[in-house]
Amino acid sequence: MCLLWFGPALAATAPNGAAFETKAKQIYMIEASTGTVIIAKDEDVPVSPASLAKLMTMEIVFDALRKGEIQPTTEYAVSEHAWRTGGAPSRTSTMFAALKSRVSVLDLIQGVTVQLANDACIILAEGMTGSEDAFAERMTKRAREIGLPSATFANPTGLPDPRSKISMRELVTLTRHIQSTYPEFFPYYAQAEFEWNKIRQRNRNPLVGANIGVDGFATGFAEGEGYSIVATVNRDGKRLFLAMGGLANEKERLEEARRILDWGISNFQTKRIFADGEVIGAASVYGGEQSKVDLVARAPVDVFVPINNPERLAARIVYRWPLKAPVENGFQAGTLRVFSGERLLRELPLYTAAAVGQGTLVSRATDAVLELMFFWL
């Protein structure tokens, strides 16, 4: 491990240096271009996703469209189960799809992204896989594929089920994936309203219409866990992703989300700490022509830090000591971890900047003795 110090920075704090307080029980917010963590609190605690499960439902649908498995014009029937469980009789979020009618995938997408419609989710699940259970299994499997290590889904709607769990960190990972992977579908989350069955409804994400740059995603509520929201804002050349839960009511959720997003946009800036191709550090090499090899990142290393603060950033290069020759050029040898105090801001891979061939018999013997002494000590 190599420790580097440089530049001023501050962990998730207000501009005056005081700790930034939030009413959310769980929260996680990052800046998109750098992946810098701006604020985090119990971000890995699993909670009920509630209607935020519909984000995973849409990822499945978007992926199926991308692969040609279904088409925007594909139509699915409205079953009695979909109508009763998620339609007009359910008194839940619905697009009011009529019983025994057929609805296109494109219209169902708008029902989910704009209205958080439960009937639309069930219609898609039944149409694509035959049942909610089968679709939920696909959701959980796909979650692992896109980097959600523990998220579990019992249905496509997020209606109460103790088996459904997800963390704030996973929700940010999921929405960041949707925004970057499906640019053709992402704009539906910012659609102001959608009309179906002669009923027009406005977007259920109140931040979309607040004129603060929010262009996605969704809200949720779970009995006993409170109100939650996932949002992304794009303003002043900055994009943030926020997930938080455990709020007391809709008003508190709206006010807290807006306050935190405004704080992140207004009080932070991007800071470059290593240029493209700049040598960040070196790793020891065992049995090689050279005893060390330079390490570089494959892109400039930026972090998102407060505009005014007195504290310093620290970076650690972490790798399994020593590397063993021969070492190829471009080999992923370790990681760079950037900290503000004890808080990890971001982590990225480091690669060797040159190849190191195998050394002479004498040099290999010398390195073997040094390695033995190191482990003995």
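Residues numbered from 1 in each chain as written. Predicted model: local features only at pLDDT ≥ 70, side-chain atom pairs only at ≥ 80, totals over all residues. Heavy atoms only, no water.

Trainee: Can you lay out the packing of helix α1 (residues 53–67) against helix α4 (residues 118–129) for me, pointing to particular residues and giving the numbers?
Mentor: The contact between α1 and α4 brings their axes to 11 Å, and the two run at 45°. Regarding the angle of α1 to α4, the classification is oblique. Taken as a pair, α1 and α4 cross one another with a handedness that is left-handed. When α1 is examined against α4, the residues Lys54, Thr57, Met58, Ile60, Val61 and Ala64 are found in contact with a partner set consisting of Asn118, Cys121, Leu124 and Met128. (Axes fitted to C-alpha atoms, helices over the stretch in contact; angles between N-to-C directions. Helix = DSSP H or I, 4+ residues; strand = E, 2+ residues; numbered from the N terminus. Parallel < 35°, antiparallel > 145°, perpendicular 65-115°, else oblique. Left-handed = near helix turned anticlockwise from the far one by under 90°. Contact = heavy atoms within 4.5 Å.)

Trainee: For the packing of aromatic side chains, give the residues involved together with the corresponding values.
Mentor: All chains considered together, the criterion is met by 9 aromatic pairs. Their ring planes at 15° and their centres at 6.4 Å tell us that Phe194 and Trp196 sit as a pair that is stacked. Judged by relative accessible area, Phe194 falls into the buried class, the value being 7%. Assessed through its relative accessible area of 21%, Trp196 is described here as partly exposed. (Phe/Tyr/Trp six-rings, centres within 6.5 Å; stacked < 30°, edge-to-face > 60°. Buried < 20%, exposed > 50% of the residue type's maximum accessible area, 1.4 Å probe, protein only.)

Trainee: How would you sum up the nonpolar core? Please name residues and give values.
Mentor: In terms of nonpolar packing, the biggest core is built from 60 residues, with Leu55, Met56 and Val61 touching the most fellow members. Contributions of two or more residues to this core are made by β2 (26–31), α1, α3 (105–115), α4, α5 (132–145), α6 (168–181), β8 (214–222) and β10 (238–247). (Core = buried A, V, L, I, M, F, W, Y, C linked by side-chain atoms within 4.5 Å.)

Trainee: So what about the packing of α1 against α5? Which residues, and what values?
Mentor: Their axes nearest at 10 Å, the elements α1 and α5 cross at an angle of 85°. Classified by the angle between their axes, α1 and α5 sit roughly perpendicular to one another. Facing α1, whose interface residues are Ala53, Met56, Thr57, Glu59, Ile60, Asp63 and Ala64, α5 presents Phe135, Arg138, Met139, Arg142 and Ala143. Across the contact of α1 with α5, the residue classes break down as 7 nonpolar, 1 polar and 4 charged. (Nonpolar A, V, L, I, M, F, W, Y, C, P; charged D, E, K, R; others polar.)

Trainee: I'd love a proper account of the sheet that holds β2, names of residues and values included.
Mentor: One open sheet accounts for 5 strands, arranged β3-β2-β10-β9-β8; its pairing is antiparallel. Two strands lie at the open edges of the sheet, namely β3 (37–41) and β8, each paired on one side alone. The average angle at which neighbouring strand axes cross in this sheet is 5°, direction not considered. Bridge count for β2 against β3 is 4 bridges, and the pairing is antiparallel. Looking across to β3, one finds that Ile27 is bridged to Lys41. (Pairing = 2+ DSSP bridges.)

Trainee: Explain α4 to me, using residue names and the numbers behind them.
Mentor: Taking 1.5 Å of rise per residue, 12 residues should cover 16 Å, and α4 covers 16 Å from first to last C-alpha, within 8% of that figure. With respect to burial, α4 is a largely interior element, 9 of its 12 residues being buried. All buried positions along α4 are accounted for by Asn118, Asp119, Ala120, Cys121, Ile122, Ile123, Leu124, Ala125 and Met128. The inward-facing, buried residues of α4 contact α1, β4 (75–77), α2 (80–86), α3 and α5. Residue Gly130 follows α4 closely and has a positive phi angle near 100°. (Expected span 1.5 Å × (residues − 1).)

Trainee: Account for the side chain of Thr140, naming residues and giving values.
Mentor: You can see Thr140 is positioned in helix α5. Of note is the side chain of Thr140, whose polar atom sits 3.0 Å from the backbone nitrogen of Phe153. Each residue touching Thr140, except ones within four places of it in the same chain, is listed here: Ala151, Thr152 and Phe153. (Polar contact = N/O pair within 3.5 Å; in protein donor to acceptor, adjacent residues only side chain to side chain.)

Trainee: Got a sec to walk through the pairing of strand β18 (residues 343–352)? Specific residues and values, please.
Mentor: When you tally the buried positions in β18, you get 7 out of 10 residues, the bulk of the element. Summarising the sheet, strand β13 (residues 292–296) and β18 pair through 2 bridges and their orientation is antiparallel. Looking across to β18, one finds that Leu295 is bridged to Thr352. With 8 bridges connecting them, strand β17 (residues 332–340) and β18 associate as antiparallel partners.

Trainee: Quick one: what's the story with the pattern of salt bridges, residue by residue and with numbers?
Mentor: Per the stated rule, a full pass over the model turns up 21 salt bridges. The partner of Arg163 in a salt bridge is Asp161, and the shortest N-O contact between them spans 2.9 Å. Its relative accessible area of 51% is what places Arg163 among the exposed residues. Arg202 is the partner of Glu193 in a salt bridge, and the nearest nitrogen-oxygen pair spans 3.7 Å. Judged by its relative accessible area of 29%, Glu193 falls in the partly exposed class. On the basis of relative accessible area, Arg202 is assigned to the exposed category, the value being 56%. Connected through shared salt-bridge partners, Glu59, Asp63, Lys67, Arg142 and Glu145 make up one network. (Salt bridge = Lys/Arg side-chain N within 4 Å of Asp/Glu carboxyl O.)

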